[in-house]
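Examination of the molecular architecture
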Amino acid sequence: MDSKHAENLKILATTHSCSKEGKPIRKGVIGPTLMVEELGRRKVNDGDLYVIQFYNRLDESKKGEIACPTAGEARKWMEAFDHAKQQAEYELSRGGSTRNKLNMEADIDLDGHRPRVRRYAHGLKNLIRIGKGPEMLLRQTSNLGGSGTSNRYFEGEFGDAIEAHEWKCVRTVNGIRIFEDVADSKRGKGALVKAVGLVDASADTAFDVILNLECRKRYEWDMLTADLELIDSYDGHYDVVYGTYDPKYLTRWQSKRDFVFTRQWFRGQDGAYTILQLPAAHKKRPSRSGYRRTSISPSTWEVRSLNSPMGSNTTKCLVTHMLEIRSSGWLRWKKNSSSKFEQTIPYALLSQVAGLKEYIGANPSLSFESSATVVQSKLSDVSTSSSEFEDLEVQDEFYDAIAGDSTSSSEDEESEDDTENKKIKLKNVSWAISSLALKRASAPDVNKELDPTVPPVHVDASQFSGSLHKGRDETDSNCWTCPSGTGFMIRGKTYLKDNAKIMGSDPLLKLIAVDWFKVDTATDKIALHPRSLVQSDAGKKLPFILVINLEVPAKPNYSLVLYYAAERPVNKNSLLGRFVDGTDMFRDARFKLIPSIVEGYWMVKRAVGTKACLLGKAVTCKYFRQDNFLEIDVDIGSSSVARSVIGLVLGYVTSLVVDLAILIEAKEEAELPEYILGTVRLNRVKPESAVPLNA
């Protein structure tokens, strides 16, 4: 980590970055204002490192970076930071002397105030320790959210929104299943196909192998595009690659080919990786003499970890490679009437999954690396002495996440919680979701979430108008409508026992208007602006308004503002009441959004996905509570991954139909089943139709 930014973070829980000997190089503290972001891959000397950044949400100048040799190591550091943050929040919620001590000062400078650091840290009895680099990460078997389970181990292939794809297996080749989306074929479009394989390694390992450009390694599994060269890299999650191949063993054509394509990748909150690959052009690589410039089919890689069978220590992941194919030979090949498709570029690309599976299977060290490093569960009573905070000379550019090749995990660090962790990890009932999917949630109990003692008011949406008009029907464009919640899967009553999800119902709050603003810079507290309907006479008479301000980074910047109204005031004792009037750390841990691309380019669908996202953990959210409203300002530009995805979406937005559902995540049995707070459908929105906010 750059020593200039080493570290001014609030003392709520302690983290350690250690040398090979296990002694701290740097020692810092984290709390509710901590944000952790993946910066992606960075070229350092001759190798690639995965970098994560941590910073104080209230003062982003106070930040640092940690570099790791693999994506898996970076993921473990992020998990450890997250659990430390949860522990800090838990300590604060318990109150007492610890709370007073933690709230005395906002920031601690590790360089200038080490005695104060020691004094604060000594007062904390329960610390989350990150020791000896990522290999020895310790985390609590968290019941901080009240659930005692982690949805990290659930999901399988299922998302949280119902997709329109109809995948049909048409062939099994070399142990790899090949599917066709028959829903797309019914619409007369080119074939969308995918190859799916079970790989004996973690998702982190498979992702690293797919992204690696080293030709000697790719020669062992990639029969087509092994000769690759990095041209440019941007923001750690996006690069441009040049490649060559000789197709003479596939077709009768003898000319060599070259190509340029972009790769964009990110990891979801469920731990699954997505890589998007699109043909491109680049001025650094014009057409090459002796080669014929060609375009590689647009494709995506998706890598998801799977739960191991009971009693097994093996690690497995599901690898999916999806392609858009316009070859006329596809139809004949799947009907077994022709084998010419096996001599085409798309077939060679589909075969990459089989090559990857065999390559990892033939290299046990890859599988061993992925399963040997385990995040253990233990809550340690750490006694921090003043000597642990003494300065050590640091020559490295980053924290010592690379130095620790410490696989000597001692038996005394095992805990009783480990057994319970294994049980939780194995509690995967995704196989049951197909039978439960049709079970629909009952409508949310209005008397539970809203104040039953106050007579309801009639919310007349015709009294309100935003700059984006409400659609007349499904064929209308550049508009919004309000779909039901039946297209979304939410946590059912028994979720804490079996992870079962159910179909959503009608939303609790009514969407009354949508504003589509053009702004110079990201703008918070839009509800206070004279143009906001919250400031209108009709708006002031409503019992409660939830304002969602999605700040979209672009040129210019945009704000998509959603206004949801309640017919009664919020019940103070309900989950919604605790959210509306709660702390920012409670809101960050509960505010959830489920996206779904109903219509649009399949590549954008894969980029956006259908997984629920805790927005407060993915991007910076600011909350403004006043009068009869709560405004949530969602800074999409605060995350490089979110910026990258929204950039892709904006490129196709005029042809997209997007559904969004917002809800408050239920973590305790009394809060279940979940309910949809509000929904919106955005029909082919035109960026140029945005209205200047301050015009």
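Structure's up top.
Predicted, not measured: the structure shown is a model, and the values here were computed from it.

1. Thoughts on the overall build of the protein chain
Regarding its fold elements, the protein chain presents 20 helices and 31 strands. Residue burial in the protein chain is summarised as follows: out of 695 residues, 57% are buried. In the protein chain, 68% of the contacts between residues at least 6 apart in sequence involve partners at least 24 apart. When the accessible surface of the protein chain is split by element, carbon and sulfur atoms take 49% of a total near 30,600 Å².

2. Observations regarding the sheet that holds strand β24 (residues 557-566)
Pairing is mixed across the open sheet formed by six strands, whose spatial order is β27-β28-β23-β24-β22-β31. The sheet terminates laterally at β27 (620-626) and β31 (691-692), the two strands that pair on one side only.

3. Brief notes about the pattern of salt bridges
This structure, assessed with the given rule, holds 33 salt bridges. Between D48 and R41 there is a salt bridge whose closest N-O contact spans 3.0 Å. What makes D48 partly exposed here is its relative accessible area of 30%. Using a relative accessible area of 13% as the deciding quantity, one classes R41 as buried. The shortest N-O distance in the salt bridge between R75 and E79 comes to 3.2 Å. Taken together, the residues R75 and E79, both in helix α1 (residues 71-94) and four residues apart, mark about one turn of the helix.

4. Considerations on the sheet that holds strand β5 (residues 59-68)
A sheet is described by the order of its strands in space; here three strands give the open sequence β3-β4-β5, paired in antiparallel fashion. At either end of the open sheet lies a strand with only one pairing partner, and these are β3 (34-44) and β5. Looking at each pair of strands side by side, their axes are set apart by 25° on average, direction ignored. Here β3 pairs with strand β4 (residues 47-56) via 10 bridges, running antiparallel. Paired with V36 across the two strands is F54, which belongs to β4.

5. Quick word on the side chain of S297
By the secondary structure assignment, S297 is in the loop between β15 (291-293) and β16 (299-306). S297 gets classed as buried once you look at its relative accessible area, which sits at 17%. Once you skip the residues sitting within four places of it in the chain, S297 turns out to touch E324, P346 and L349.

6. Examining the pairing of strand β30 (residues 678-683)
Counted residue by residue, β30 has six buried out of six residues, so it is predominantly covered. Burial along β30 is two-sided: the face carrying G678, V680 and L682 and the face carrying T679, R681 and N683 are both buried. Bridge count between strand β19 (residues 479-481) and β30: three bridges; the pairing is antiparallel. For C479, the partnering residue across the bridge sits in β30 and is N683.

7. Examining the state of the cysteines
Taken as a whole, this structure holds zero disulfides when the rule is applied. Lacking any disulfide linkage, C613 is separated from the closest cysteine sulfur, that of C621, by 8.7 Å.

8. Here we look at unusual backbone geometry
A cis geometry characterises the amide bond from K555 onward to P556, with omega recorded as 0°. Mapped onto the secondary structure, P556 falls in the loop between β23 (544-552) and β24. In this chain, L672 is followed by P673 through a cis amide linkage whose omega measures -5°. With respect to the element layout, P673 can be found in the loop between β29 (657-664) and β30. With phi around 45°, D235 is a residue other than glycine that occupies positive phi space.

9. A closer look at helix α20 (residues 640-652)
Over its 13 residues, α20 extends 19 Å from the first C-alpha to the last, a length consistent with the 18 Å expected when each residue adds 1.5 Å. Every buried residue of α20 is accounted for by S640, V641, S644, V645, I646, L648 and V649. Elements in contact with the buried residues of α20: β3, β13 (256-267), β14 (273-279), β23 and α18 (602-608). Sitting at the amino-terminal end of α20 is S639, which places a side-chain oxygen 3.3 Å from the backbone nitrogen of V641.

10. Some remarks on the packing of helix α5 (residues 203-211) against helix α9 (residues 352-361)
The contact between α5 and α9 brings their axes to 11 Å, and the two run at 115°. The chirality of how α5 crosses α9 is right-handed. Each of A206, V209 and I210 in α5 lies in contact with α9, whose residues at this interface are L356, Y359 and I360. In the contact of α5 with α9, the residues fall into six nonpolar, no polar and no charged.

11. Looking at the environment of Q343
Checked against the element boundaries, Q343 lands in the loop between α7 (329-334) and α8 (345-350). A residue is classified by how much of its surface remains accessible, and Q343, at 45% relative accessible area, is partly exposed. On a C-alpha basis, the gap between Q343 and K248 in space is 9.6 Å, while along the polypeptide they are 95 residues apart.

12. Brief notes about the packing of aromatic side chains
Under the criterion given, the structure shown has 19 aromatic pairs. Taking the centre distance of 5.7 Å and the plane angle of 45° together, the rings of Y245 and F259 count as tilted. One end of the pair, Y245, is in strand β12 (residues 238-245); the other, F259, is in strand β13, and 14 residues separate them in sequence. Note on accessibility: Y245 and F259 belong to one class, buried. For the ring pair Y601 and W602, a centre distance of 6.1 Å and an interplane angle of 70° mean the geometry is edge-to-face. Grouping residues by exposure puts Y601 and W602 together as buried.

13. Structural notes on the environment of S442
Structurally, S442 can be placed in the loop between α12 (433-436) and α13 (446-449). By relative accessible area, which is 57% here, S442 ends up exposed. Separated by 60 residues in the primary sequence, S442 and I502 have C-alpha atoms spaced 9.9 Å apart.

Cut-offs and rules
- Residues numbered from 1 in each chain as written.
- Predicted model: local features only at pLDDT ≥ 70, side-chain atom pairs only at ≥ 80, totals over all residues.
- Heavy atoms only, no water.
- Helix = DSSP H or I, 4+ residues; strand = E, 2+ residues; numbered from the N terminus.
- Buried < 20%, exposed > 50% of the residue type's maximum accessible area, 1.4 Å probe, protein only.
- Contact = heavy atoms within 4.5 Å.
- Areas by Shrake-Rupley, 256 points an atom, 1.4 Å probe, with all protein chains shown as cover.
- Pairing = 2+ DSSP bridges.
- Salt bridge = Lys/Arg side-chain N within 4 Å of Asp/Glu carboxyl O.
- Axes fitted to C-alpha atoms, helices over the stretch in contact; angles between N-to-C directions.
- Disulfide = S-S within 2.5 Å.
- Expected span 1.5 Å × (residues − 1).
- Polar contact = N/O pair within 3.5 Å; in protein donor to acceptor, adjacent residues only side chain to side chain.
- Left-handed = near helix turned anticlockwise from the far one by under 90°.
- Nonpolar A, V, L, I, M, F, W, Y, C, P; charged D, E, K, R; others polar.
- Phe/Tyr/Trp six-rings, centres within 6.5 Å; stacked < 30°, edge-to-face > 60°.

The quantities given are spatial measurements derived from coordinates; they are silent on function.
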